[in-house]
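# Report on the structure
Read off the chains here:
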Amino acid sequence: MKIPLRVPCDSCKKEEPIFIDLSDSSFERKCSCGDVYSGFLGNDVTVGYKILFRSRYELIETGDYPLSIVFSAAAFECELSRLHFKWSDITALQTGKPVSDGDLEELLRKYRSIDVKIEEVCKLMDPLGFQEFVKSSTELRQTITEGFQSLSLNSLTSDFQQKLFWPRNRVLHLADTSFKKADGVRCFNIATLGLRILEELDKKKRNTF
Ligand SMILES: [Zn+2]
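So, how was this worked out
Residues numbered from 1 in each chain as written. Predicted model: local features only at pLDDT ≥ 70, side-chain atom pairs only at ≥ 80, totals over all residues. Heavy atoms only, no water. Core = buried A, V, L, I, M, F, W, Y, C linked by side-chain atoms within 4.5 Å. Buried < 20%, exposed > 50% of the residue type's maximum accessible area, 1.4 Å probe, protein only. Helix = DSSP H or I, 4+ residues; strand = E, 2+ residues; numbered from the N terminus. Contact = heavy atoms within 4.5 Å. Donors = N, O, S within 2.8 Å, 3.2 Å for Na, K, Ca; no water. Polar contact = N/O pair within 3.5 Å; in protein donor to acceptor, adjacent residues only side chain to side chain.

## Some thoughts on the nonpolar core
- Membership of the largest hydrophobic core comes to 45 residues, with the highest contact counts inside it found for Phe76, Phe160, Leu164 and Ile197.
- Elements with a contribution of two residues or more to this core: helix H1 (47–62), helix H2 (65–95), helix H3 (101–110), helix H4 (114–123), helix H5 (129–135), helix H6 (138–147), helix H7 (156–174) and helix H8 (181–207).
- Broken down by element, this core gets its largest block of residues, 10 residues, from H2.
- Non-local contacts of leucine 164, meaning those with residues more than four positions away in its chain, are made with Ser72, Ala73, Phe76, Asp159, Cys187, Ile190 and Ala191.
- Core analysis: the second largest hydrophobic core is formed by 9 residues, Ile18, Ile20, Phe27 and Cys31 among them.

## Some remarks on the coordination of the zinc ion
- For the zinc ion, every protein donor is listed as Cys9 (SG), Cys12 (SG), Cys31 (SG) and Cys33 (SG), and the spread of their distances is 2.3 to 2.4 Å.
- All donor residues of the zinc ion come from one chain, and their arrangement in sequence is C-x2-C-x18-C-x1-C. In this pair, cysteine 12 is assigned in the loop between strand S1 (2–5) and strand S2 (18–21) and cysteine 33 in the loop between strand S3 (26–30) and strand S4 (36–40), connecting sequence segments 21 residues apart.
- Residue classification places cysteine 12 among the partly exposed positions, given a relative accessible area of 37%.

## Notes on unusual backbone geometry
- In this model, lysine 13 sits at a positive phi of 70°, which is unusual for a non-glycine residue.
- By the secondary structure assignment, lysine 13 is in the loop between S1 and S2.
- A positive phi is found at alanine 175, a non-glycine position, where the angle reads about 55°.
- Mapped onto the elements of the fold, alanine 175 is located in the loop between H7 and H8.

## Here's the deal with the side chain of glutamate 79
- Tracing the backbone through its elements, the reader meets glutamate 79 in helix H2.
- One polar contact links glutamate 79 to threonine 46, side chain to side chain, over a distance of 2.9 Å.
- Beyond its immediate sequence surroundings of up to four residues, glutamate 79 is in contact with Thr46, Val47, Gly48, Tyr49, Leu195 and Leu198.

Given below as structure tokens:
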């Protein structure tokens, strides 16, 4: 999967997308001015954020709104899976009961719907889970009430399911490609918010170590 980065050239400052692979953590680019520049991605550029870069690219550069929606939902779901593996592995190490990747995959598949998966994975990081964790944070509460008309604090998890994953399902299951730019932007913003919430949960869990 190709991930577009936006890093201006060191000498002429021209900015053209640099495509790296989803698994890459560095980049190198030869600019049309002849300069070759390179760099490393920070640890905070996780798989979810990389897929979100691709979602933004489809939204802004190609105008492929249904594809952008697919990538927005994938970004949030991939980050959720990454944290499921990360914290399950750490817990297994601490308790001395090793689990295989296969077992952890199986566990993820058992969640009957995305809203259950969101809550259960987030409980690995905070017993409050996704929705109640957000309600307990003044900043997150404010971000949602002031910036997200389509989301409600009292039904946040099911709103994520309905406003992000249902549109994705319409694209992938029904080939519904009627989504417009506003739909793509809304899904992108919800996914970006979702990654921020997951990042805060991850940070909180790390601080308890
Ligand atoms: Zn240049």
